[in-house]
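Here is how the chains run, residue by residue.
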Amino acid sequence: MKSMKQTFTVGRVAVFVALSAVIVTMASERVYWYWAGLNVGSVIEISLFYVIPVSGALWALAHAKATRVHQVVLAGAFFAFLVEGVLTPVIYQDGPLPIMAAMFVGWHGILAFVGFWYLTRRWLLERRTLLTAIAATAFGVLWGIWAIVSAVGDTTDIEGGATVLEPSQFALYAIGVGATLAAAHWLIGFVWPTSWRPSRASTIIVGVVNAAYMAVAVILFVPWAPAKLALLLGGTYWLMTKGRDTNHDEPRILDRLAGRIRARDAAVLLLMPLTAAATYGAIWAIGISAAVSAAVYWALILAQILGGGAAYIWATRRALTTQRQTSNDTELVTSSG
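Residues numbered from 1 in each chain as written. Predicted model: local features only at pLDDT ≥ 70, side-chain atom pairs only at ≥ 80, totals over all residues. Heavy atoms only, no water.

S.K.: What is the right way to look at the overall build of the chain in this model?
M.R.: Along the backbone of the chain there are 12 helices and zero strands. Along the chain, from the amino end to the carboxyl end, the secondary structure elements read α-α-α-α-α-α-α-α-α-α-α-α. By residue count, 48% of the 337 residues in the chain fall in the buried class. As displayed, the chain offers around 16,100 Å² of accessible surface, 68% of which is attributable to carbon and sulfur atoms. (Helix = DSSP H or I, 4+ residues; strand = E, 2+ residues; numbered from the N terminus. Buried < 20%, exposed > 50% of the residue type's maximum accessible area, 1.4 Å probe, protein only. Areas by Shrake-Rupley, 256 points an atom, 1.4 Å probe, with all protein chains shown as cover.)

Shown next, in the form of structure tokens:
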């Protein structure tokens, strides 16, 4: 009986991680670029790859006993470093500099992990329908702009001859992405683990899988990559653990996000692709020059870098402030005793 219960728990966590991967993939890949198209096979394929960094980020969030928002931001950064440092060697393109790391903290960390996974889940559970609708609509406008301007240059060289989608084609694509996101958020409530604490075995598995994939996909091309990644991941996890002893009475982030949401609440997320399609179509009809498109594109890239860096700095300050407060409280208790 105990063995069956353990098997059920492991299976539930596995599906939870897989659906989390689907959610962040919609932002990290399908919003970021649409050249590869969208179908069931492509969603499954890319999500399987994303299970690797998602498992690492969720492990960090659970193992650090995270209870505060700044720890979620740091977990998002942890996720971003794994995506672009384990699945690909992108964060090593600037050598020891943190520019590429900051850029993808902005996209993978803040947009995909904090936005699509954490905040969306939290607002849907709290039934903050108006806030969800406003956020989905605002992001839809941004997505529509990004989808147009990210096609800077000769798109015939992208993904084996892909071309920019016409408005009607993009609308179908965007609705597919939004529907997948909404369905994943609805389904994940049925398997969300309660009181989940990573076991020693799961820790080893997550570490070995990430290291093995990195050895093949990254280290063969960038031998010094482990040094930079270790610094980024080690420093981020260390910050996540600061002050956690003061929060032992608070429910943990993962526990607070447990529960089921209504399908009609999740359907509010469809405002995102509808607004994106309308924005995309409007810009298409107006027409913008390549120079304007390039300027907007690079401005958005700069915003990712500055936003990611600012978010990480904010989370760092919050973590260290919490740590100082913990130290002061300990000194006060000791002196009173």
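Next comes the rest of the write-up.
S.K.: For this particular structure, what's the right way to read the packing of helix α3 (residues 69-87) against helix α8 (residues 225-241)?
M.R.: When two helices pack together, their arrangement is given by the angle between their axes and by how far apart the axes lie. Interaxial distance between α3 and α8 falls to 9 Å at its minimum, and their mutual angle equals 165°. Taken as axis vectors, α3 and α8 run roughly antiparallel relative to one another. In this structure, the crossing between α3 and α8 has a hand that is left-handed. Residues Q71, L74, A75, A77, F78, F81, L82, G85 and V86 of α3 lie in contact with α8, whose contacting residues are L229, L232, L233, T236, Y237, L239 and M240. Here the residues of the contact of α3 with α8 sort into 13 nonpolar, three polar and no charged. (Axes fitted to C-alpha atoms, helices over the stretch in contact; angles between N-to-C directions. Parallel < 35°, antiparallel > 145°, perpendicular 65-115°, else oblique. Left-handed = near helix turned anticlockwise from the far one by under 90°. Contact = heavy atoms within 4.5 Å. Nonpolar A, V, L, I, M, F, W, Y, C, P; charged D, E, K, R; others polar.)

S.K.: Whenever I open this one, helix α6 (residues 167-188) confuses me. Can you help?
M.R.: Each α-helix turn comprises 3.6 residues. Residues three or four places apart therefore point the same way. In this model α6 runs 31 Å from its N-terminal to its C-terminal C-alpha over 22 residues, within 8% of the 32 Å that 1.5 Å per residue would give. Of the residues making up α6, those classed as buried are F170, A171, Y173, A174, V177, G178, L181, A182, A184, H185 and I188. (Expected span 1.5 Å × (residues − 1).)

S.K.: Can you walk me through the packing of aromatic side chains in this structure?
M.R.: Where two aromatic rings form a pair, the distance of their centres and the angle of their planes describe that pair. Counting across every chain of the model gives 21 aromatic pairs. With centroids separated by 5.6 Å and ring planes inclined at 25°, the aromatic side chains of W117 and W192 adopt a geometry described as stacked. With W117 in helix α4 (residues 99-125) and W192 in the loop between α6 and α7 (200-219), this pair connects stretches of sequence that are 75 residues apart. Overall, the relative accessible area of 1% leaves W117 in the buried class. Judged by relative accessible area, W192 falls into the buried class, the value being 2%. The interplanar angle of 10° and the centroid separation of 4.1 Å between the aromatic rings of F170 and Y280 together place this pair among those described as stacked. With F170 in helix α6 and Y280 in helix α11 (residues 271-286), this pair connects stretches of sequence that are 110 residues apart. On the accessibility criterion, F170 (0% relative accessible area) is buried. Of the residues examined, Y280 reaches a relative accessible area of 0% and is grouped as buried. Site record: aromatic cluster; members linked through ring pairs are F16, Y50, F79, F113, W117, W192 and W196. (Phe/Tyr/Trp six-rings, centres within 6.5 Å; stacked < 30°, edge-to-face > 60°.)

S.K.: Quick question: what am I supposed to make of the environment of Y32 here?
M.R.: Looking at where Y32 falls in the secondary structure, it is placed in the loop between α1 (2-31) and α2 (40-63). The sequence separation of Y32 and H108 amounts to 76 residues, and the corresponding C-alpha distance is 9.7 Å. When neighbours within four sequence positions are excluded, Y32 is seen to be in contact with A27, M103, W107, W146, S150, I301 and Q304.

S.K.: How should the nonpolar core be read in this particular structure?
M.R.: Generally speaking, soluble globular proteins have nonpolar side chains that are buried together. One finds F16, L61, F113, F116, W117, W143 and F170 to be the most contacted residues of the largest nonpolar core, which totals 100 residues. Looking at this core element by element, the count peaks at 14 residues for α4. Filtering out sequence-adjacent residues up to four positions away, F113 remains in contact with V24, A57, L58, L61, V72, A75, G76, F79, H108 and Y118. (Core = buried A, V, L, I, M, F, W, Y, C linked by side-chain atoms within 4.5 Å.)

S.K.: Just to check I follow, could you spell out unusual backbone geometry for this structure?
M.R.: In terms of backbone geometry, most residues other than glycine have negative phi values and most peptide bonds are trans. Notably, K65 is not glycine yet its phi reads approximately 55°, a positive angle. Look at K65 and you get partly exposed, because its relative accessible area is 39%. One non-glycine residue, R127, lies in the positive phi region at around 55°. By secondary structure assignment, the location of R127 is in the loop between α4 and α5 (129-149). The exposure class assigned to R127 is partly exposed, which follows from its relative accessible area of 47%.

S.K.: Help me understand the environment of G178, please; the structure alone is not making it clear to me.
M.R.: Examined against the element boundaries, G178 turns out to sit in helix α6. Take G178: its relative accessible area is 0%, and that puts it in the buried class. Along the chain, G178 and A136 lie 42 residues apart, while their C-alpha atoms are 9.9 Å from each other. If we skip the residues at most four places from it in the chain, G178 touches L270, M272 and P273.

S.K.: Whenever I open this one, the packing of α4 against α6 confuses me. Can you help?
M.R.: Put simply, α4 and α6 touch, their axes get as near as 11 Å, and they point 65° apart. As summarised for this structure, α4 and α6 are arranged roughly perpendicular, according to the angle between their axes. Between α4 and α6 the crossing geometry is right-handed. From α4, F116, W117, T120, R121 and L124 reach across to α6, where they touch L181, H185 and I188. Of the residues belonging to the contact of α4 with α6, the class tally is five nonpolar, two polar and one charged.

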